[in-house]
Amino acid sequence: MGLSSQVTLRPATIADALMLASWDREPHVIACSSDDPEAEVAFGGIEWTTEIAGSTDDSHYVIAEVAGVPVGVTHVCDPHTEQTHYWGEIEPGLRAIDIWIGPPEWLGRGVGTQMMTQMIERCFAAPDVTGIVIDPLNSNTGAHRFYRRLGFTIVGRRRFDEDDCLVMRLEKADWPVPARASPV
Ligand SMILES: CC(C)(COP(=O)(O)OP(=O)(O)OC[C@H]1O[C@@H](n2cnc3c(N)ncnc32)[C@H](O)[C@@H]1OP(=O)(O)O)[C@@H](O)C(=O)NCCC(=O)NCCS
């Protein structure tokens, strides 16, 4: 990938709400949010203006851009402190990350790897953060492969409400993943 596809990150603002809602109609976004084959919108039709306005120090959204064009979004939170307690009982010193590409033409072009690498670096820059957890659907084998390549390992299968998920985790001690040995 050339320099033109360099990914930059910026905080999401409520001006992004319409765009995020349109991404929620993309089949690949719906598929990563639910196993319900009837679902027509991702994340149960989340209200983005409210969601972004409710951002806090311990739970917020980040937009990824290539040459000023938004291509994806990540959500990062401290699962121990954030107010929904989505993760239930979980120790301090972690971050939980969600990620998705919006426009389908940006899938599979390395953007997600750049986004996740930059988010991991940001999270681990905090001295108190020792690990990152994620919860892809158990059915999302493409995402599992993507995360494994970044060094995440499987913790186990877990149900979050209706969702059958596979919890994965990356320890700070295991980051960065050693570069693959070059062929001799
Ligand atoms: C997962 C995702 C963020 C990866 O970003 P990306 O830019 O597409 O990925 P990269 O080009 O950096 O890396 C390619 C890898 O991503 C994964 N991937 C590619 N397209 C994917 C898709 N539609 N769904 C899930 N994973 C996908 C595969 O592991 C792929 O590797 P492969 O070529 O060996 O199959 C992106 O594909 C995506 O947004 N998928 C749909 C939403 C999703 O599944 N998000 C994760 C929810 S936990």
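Residues numbered from 1 in each chain as written. Predicted model: local features only at pLDDT ≥ 70, side-chain atom pairs only at ≥ 80, totals over all residues. Heavy atoms only, no water.

The name given to the protein chain in an unreviewed UniProt entry is Acetyltransferase, with the source organism recorded as Erythrobacter insulae.

The feature "domain: N-acetyltransferase" (unreviewed entry), as annotated in UniProt, sits at residues 7-173 in this numbering. A helix fraction of 26% and a strand fraction of 31% characterise residues 7-173, whose end C-alpha atoms lie 25 Å from each other. (UniProt positions renumbered as here; feature names shortened; annotations may be inferred. Helix = DSSP H or I, 4+ residues; strand = E, 2+ residues; numbered from the N terminus.)

Here we come to unusual backbone geometry. Between W175 and the following residue, P176, the backbone shows a cis peptide bond with an omega angle of 0°. Among the structural elements, P176 can be located in the segment after β7 (163-171). Phi is positive for F43, which is not a glycine, with a value near 55°. Relative to the assigned elements, F43 resides in the loop between α2 (27-33) and α3 (48-53). With relative accessibility at 30%, the residue F43 sits in the partly exposed group. One non-glycine residue, A67, lies in positive phi territory at about 50°. Counting through the fold element by element, A67 comes out in the loop between β2 (59-66) and β3 (69-77). (Buried < 20%, exposed > 50% of the residue type's maximum accessible area, 1.4 Å probe, protein only.)

So, about the pattern of salt bridges. Inspection of every chain in the model, using the stated rule, returns 6 salt bridges. A salt bridge links R10 to D16, with the nearest nitrogen and oxygen atoms 2.9 Å apart. Across the pair R169 and E171 runs a salt bridge whose closest N-O atoms are separated by 2.7 Å. Overlapping salt bridges bring together R10, D16 and E65 as one network. (Salt bridge = Lys/Arg side-chain N within 4 Å of Asp/Glu carboxyl O.)

This next bit is on the nonpolar core. A general tendency of soluble globular proteins is for nonpolar side chains to be buried together. Among the nonpolar cores identified, the biggest contains 30 residues, and I97, V111, M116, I120, Y147 and F152 are the most heavily contacted of them. Within the residue set of this core, elements represented by two or more residues are β1 (7-11), β2, β3, β4 (94-101), α4 (111-125), β5 (131-134), α5 (141-149) and β7. Apart from the residues within four sequence positions on either side, I97 is in contact with H75, V76, M116, M119, C123, I132, V133 and I134. Among the nonpolar cores identified, the runner-up in size contains 14 residues, and M19, V29, Y61 and W100 belong to it. (Core = buried A, V, L, I, M, F, W, Y, C linked by side-chain atoms within 4.5 Å. Contact = heavy atoms within 4.5 Å.)

Remark: a regular strand shows side chains that alternate across the two faces of the sheet. β2 sits mainly inside the fold: 7 of its 8 residues count as buried. Direction of pairing for β1 relative to β2: antiparallel, over a ladder of 5 bridges. Each bridged residue has a counterpart across the sheet, and for P11 the counterpart in β2 is V62. Summarising the sheet, β2 and β3 pair through 8 bridges and their orientation is antiparallel. Residue pairing for β3: V66 is matched across the bridge by V69. Between β2 and β3, which pair antiparallel and follow one another directly, the connecting turn spans 2 residues, one of which, A67, has a positive phi of 50°. (Pairing = 2+ DSSP bridges.)

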